[in-house]
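What follows is the residue order along each chain.
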Amino acid sequence: MPGTDGVLFSGMNAQTNRTAWHRLGATEPLASAAALARERYRKDNPRSLKIFNDALQALPGANTRTVLHYSPFPVAIARAQGAQIEDADGHDYQDFLGEYTAGLYGHRHPVIINAISQALERGLTLGGPGLKESRLARLMCDRFKALERLRFCNSGTEANVLALSSARAFSGRSDILVVDGSYHGGVLSYAGQSPLNLPFPTHRIRFNDADTAVQKITELDVQLAAIIVEPMIGAGGCIPAQPEFLQALRTASEKTGALLIFDEVMTSRLGASGLHGRLDICPDLVTFGKYLGGGLSFGAFGGRADILDRFDPRLPDAWPHAGTFNNNTLSMSAGFAGLNDVFTAEVSEAFFEYGENFRKRLSASLRALQLPLHLTGMGSMMAIHFCDQSPTAPYPGNSVPPDLYELVHLKMMAAGQFYARRGMINLSLPMTEPMLGRFEEALIATLGECADHIEQSVTD
Ligand SMILES: Cc1ncc(COP(=O)(O)O)c(C=O)c1O
């Protein structure tokens, strides 16, 4: 469970070399306030700017992970400890990004470091089953209700590609059904139209619209191989699925024989048995990623034994699934140590409550501002939205000017708080009450300073 107050790194004196400019710009029009914030940010982050400019020579837009870009340029992270990070210019931040949920254990957790050190001593690429993969697999099958068998891979994207391909192969059907605005990986992105998406025949439904979903599933009937859904939309703004919506997908898919896949790459942290366990809805397949590798690259997909057993290499017609690093010893060791010794079933339940309490408290503080703001989420994952009504579908802030997101984000960074520009906030295990308090204070002050901009942006 969250421990005592985090200790600031020695030698890191962010607040001393950072101007208190986040208090400026309150009376400017939004565009000028954002321009002023950008100018100050550039001035405060010369080393990060140099790293960005150097990277432009080899990486498109200095970037190799789209989600990590924000304007005018992202700060380069030099080191981290617990729930705090330090950028290349020596500024400290409280890390409320939590590596988009992969950072559940925080930075340099001693149990994880120890597991990695021991694995390093045994050797890295061994060309055979290692000591930890079966233990991690059994632990995950014990923990997650829908898992009878599973297979490891290297990322959440890979897990979803393999789950969908397995569903298509198992059912002998072609089409897939996805939720508009969902994200299942770099080649499975359904927020807008991505030219990189896999060419599966794909149909879209609206999130939390059970009637239309049932109608579509019935209409597609034996053409439909799989329905894939995040039980809480993550990238699209931490919007929980209504249990009735998920239950309707479960019932309708059972009727037509389509397989139901829950993408729990982010949400599996929301309870001892993931979000499907919490909601008591059992999909045919589930996918995992993020924190389950202990902070190292990780993916897994699993579920019903009759589907997964088709991968049994002893079968004459076994489905092939190699993957050089599927069982890489570092991820297997760190993943096992993390789930077995740190994020136990009891801790995961307590951490869910810890997050719920924080979100309720923060929501109340936001309400007191009397601005068009909403905080959505579950447990340790949440997102802040600029809108009038509490959103039930992904990307509710799409009509809000990007300048507003940028202004609030850069001001929060100047106040030493790191979170996702789109509003996502993730807690990690080393966080403490004082840290939560400091984040809340900075957020409320920042939003208060931007009150006019927020009101104008949402009503325009
Ligand atoms: C719900 C969901 N599915 C899949 C993925 C893809 O995982 P990865 O980035 O490990 O490929 C993500 C990544 O953010 C995600 O949020």
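About the cut-offs
Along each chain, residues carry numbers from 1 onward, in the same order as the chain's sequence is written. For this predicted model, a pLDDT threshold of at least 70 governs which residues receive local features, and a threshold of 80 or more governs which side-chain atom pairs are given and counted, while totals over whole chains, interfaces and linings are taken from all residues. Processing note: side-chain calculations cover all non-hydrogen atoms of the structure and skip hydrogens and water entirely. Cavity means a closed set of points on a 1 Å grid over the protein atoms alone, one where a 1.4 Å probe fits but cannot get out, pocket means an open set with protein on both sides within 12 Å along at least 5 of 7 lines, and lining means a residue has an atom within 4 Å of a point. Grid points are joined across faces, edges and corners, and a volume is the space filled by probe spheres set on the points. Note on conventions: DSSP H or I runs of at least 4 residues are helices, E runs of at least 2 residues are strands, and numbering of each starts at the N terminus. Here, any two strands with at least 2 DSSP bridges between them count as paired. Stacked, tilted and edge-to-face pairs are distinguished by plane angle, under 30 degrees for stacked and over 60 for edge-to-face with tilted covering the rest, among Phe, Tyr and Trp rings (Trp via its six-membered ring) whose centres lie within 6.5 Å. Working definition: with a 1.4 Å probe on protein chains only, accessible area under 20% of the residue-type maximum means buried, over 50% means exposed, and in between means partly exposed. By the criterion adopted, a ring carries a charge over it if an Arg CZ or a Lys NZ lies within 6 Å of its centre and within 35 degrees of its normal. To obtain each axis, a line is fitted to C-alpha atoms, and for helices this fit is confined to the stretch in contact; angles are then taken between N-to-C directions over 0 to 180 degrees. Should the near helix be turned anticlockwise from the far one by less than a right angle, the crossing is left-handed, and should it be turned clockwise, the crossing is right-handed. Contact criterion: two residues are considered in contact whenever any of their non-hydrogen atoms come within 4.5 Å of each other. In this classification, Asp, Glu, Lys and Arg are treated as charged, Ala, Val, Leu, Ile, Met, Phe, Trp, Tyr, Cys and Pro as nonpolar, and every other residue, Gly included, as polar. Scored between 0 and 100, pLDDT is the confidence that the predictor attaches to each residue. Take the buried residues of types Ala, Val, Leu, Ile, Met, Phe, Trp, Tyr and Cys, join any two whose side-chain atoms come within 4.5 Å, and each joined set is a nonpolar core. Domain boundaries shown here were taken from an automatic or database domain assignment. Simply put, the buried area is the total loss of 1.4 Å probe accessible area from both parts when two parts are fitted together. What makes a salt bridge here is a side-chain nitrogen of Lys or Arg within 4 Å of a carboxyl oxygen of Asp or Glu, nothing more. The definition of a polar contact used here is a pair of N or O atoms within 3.5 Å, where within protein one atom must be able to donate a hydrogen and the other to accept one, and adjacent residues in sequence count solely through side-chain atom pairs.

*Asks:* Is there a simple way to explain the layout of surface pockets in this structure?
*Replies:* Vacant regions in the atomic arrangement are exposed by a probe of water-molecule size rolled over the atoms. Taken as a whole, the second largest pocket holds about 570 Å³ of empty space. Of all the secondary-structure elements, those providing two or more residues to the lining of the second largest pocket are helix H4 (133-143) and strand S4 (149-153).

*Asks:* How should the sheet that holds strand S15 (residues 417-418) be read in this particular structure?
*Replies:* In any sheet, the strands associate via hydrogen bonds between backbone groups, in a parallel or an antiparallel arrangement. One open sheet accounts for four strands, arranged S1-S2-S3-S15; its pairing is mixed. Edge strands, defined here as strands with exactly one partner in the open sheet, are strand S1 (77-81) and S15. Of the pairings in the sheet, the one linking S1 to strand S2 (residues 84-87) comprises four bridges and is antiparallel in character. What sits directly across from glutamine 81, in S2, is glutamine 84.

*Asks:* I tried to follow the packing of aromatic side chains on my own but got confused; where do I start?
*Replies:* Within a pair of aromatic rings, the relevant descriptors are the distance that separates the centres and the angle that separates the planes. Taken as a whole and judged by the stated rule, the model has 15 aromatic pairs. Arranged with centres 5.9 Å apart and planes meeting at 40°, the rings of phenylalanine 52 and phenylalanine 73 form a pair that is tilted. Here phenylalanine 73 lies in the loop between helix H2 (46-55) and S1 and phenylalanine 52 lies in helix H2, a separation of 21 residues in the sequence. Per residue, the accessibility class of phenylalanine 52 equals that of phenylalanine 73, and both read buried. Judged by centre distance (5.5 Å) and plane angle (55°), the ring pair of tyrosine 93 and phenylalanine 418 falls under tilted. Linking tyrosine 93 in strand S3 (residues 92-95) with phenylalanine 418 in strand S15, this pair joins segments that are 325 residues apart in sequence. By relative accessible area, tyrosine 93 is classed as buried at 2%. Owing to a relative accessible area of 8%, phenylalanine 418 belongs among the buried residues under this scheme. Against the face of phenylalanine 352 rests arginine 278, its NZ or CZ located 3.5 Å from the ring centre.

*Asks:* When you look at the packing of H4 against helix H10 (residues 329-342) in this model, what are you seeing that I'm missing?
*Replies:* Helix-helix packing is characterised by the crossing angle of the two axes and by the distance between the axes. Contact geometry of H4 with H10 gives a least axis separation of 9 Å together with a crossing angle of 35°. Between H4 and H10 lies a crossing whose hand is left-handed. For the pair formed by H4 and H10, the contact residues are Glu133, Arg135, Leu136, Leu139, Met140 and Arg143 on the first element and Met332, Gly335, Phe336, Leu339 and Asn340 on the second. For the contact of H4 with H10, the class distribution of residues is six nonpolar, two polar and three charged.

*Asks:* Would you take a moment to explain the confidence of the model for the protein chain for this structure?
*Replies:* A low pLDDT score tells you not to read the predicted coordinates there in detail. Scored by pLDDT, the protein chain has a mean of 94; 94% of the residues are at 70 or more. Note on residues 1-16: pLDDT under 50 across the span, and 41 contacts to partners over four residues away in sequence or across chains.

*Asks:* What exactly am I supposed to notice about the sheet that holds strand S6 (residues 202-205) here?
*Replies:* Read across the open sheet, the seven strands follow the order S4-S12-S11-S10-S7-S5-S6; overall the sheet is mixed. The sheet is open, and its two edges are formed by S4 and S6, each paired on a single side. Between one strand and the next, the sheet's axes are offset by a mean angle of 20°, whatever the strand orientation. Here strand S11 (residues 285-288) runs beside strand S12 (residues 299-303); their pairing, made up of four bridges, is antiparallel. In the strand pairing of S12, phenylalanine 288 is matched with alanine 300.

*Asks:* Quick question: what am I supposed to make of the nonpolar core here?
*Replies:* Ranked by size, the top nonpolar core spans 114 residues in total, and within it Met140, Phe245, Leu249 and Phe386 carry the most contacts. A domain-level breakdown of this core finds at least three residues from each of domain 1 (14-101 + 346-459) and domain 2 (110-342). Leave out the neighbours within four places in its chain, and methionine 140 touches Leu147, Leu150, Phe152, Phe288, Leu292, Phe298, Ala300 and Leu339. The next biggest cluster of nonpolar side chains, apart from the first, holds 21 residues, and it includes Leu164, Ala167, Ala226 and Ile261.

*Asks:* Just to check I follow, could you spell out the pairing of strand S7 (residues 224-229) for this structure?
*Replies:* As a general feature of sheets, a regular strand has side chains that alternate between the two faces. Burial within S7 is extensive, with six of its six residues counted as buried. Across three bridges, the pairing between strand S5 (residues 175-179) and S7 is parallel. Bridging across to S7, isoleucine 176 finds its partner in alanine 226. Direction of pairing for S7 relative to strand S10 (residues 259-263): parallel, over a ladder of four bridges. For alanine 226, the partnering residue across the bridge sits in S10 and is leucine 259.

*Asks:* I tried to follow the domain arrangement of the protein chain on my own but got confused; where do I start?
*Replies:* How large an interface is tends to be reported as the accessible area lost when its parts come together. Each domain of the protein chain was delimited in the assignment, giving domain 1 (14-101 + 346-459) and domain 2 (110-342). Computed from C-alpha coordinates alone, the two centres of domain 1 and domain 2 are separated by 29 Å. With 27 residues of domain 1 at the contact, the number on the domain 2 side is 27 residues. A buried area of about 2100 Å², summed over both sides, lies between domain 1 and domain 2, and 62% of it is on carbon and sulfur atoms. It is Thr101, Met378 and Met381 in domain 1 that bury the most area against domain 2; as a group they hold 27% of the surface buried on that side. Connecting domain 1 to domain 2 are one salt bridge. Among the ionic pairs, glutamate 349 bridges to arginine 278, the shortest N-O distance being 2.8 Å. For the pair domain 1 and domain 2, the interface holds 12 residue pairs in polar contact (both at pLDDT 80 or more). Contributions of two or more residues to the side of domain 1 that touches domain 2 are made by helix H11 (345-368), strand S13 (373-378), strand S14 (381-386) and strand S16 (424-426). Tallying contributions element by element places H11 first for the side of domain 1 that touches domain 2, with five residues. Residues that form the side of domain 1 that touches domain 2 fall into these classes: 16 nonpolar, nine polar and two charged.

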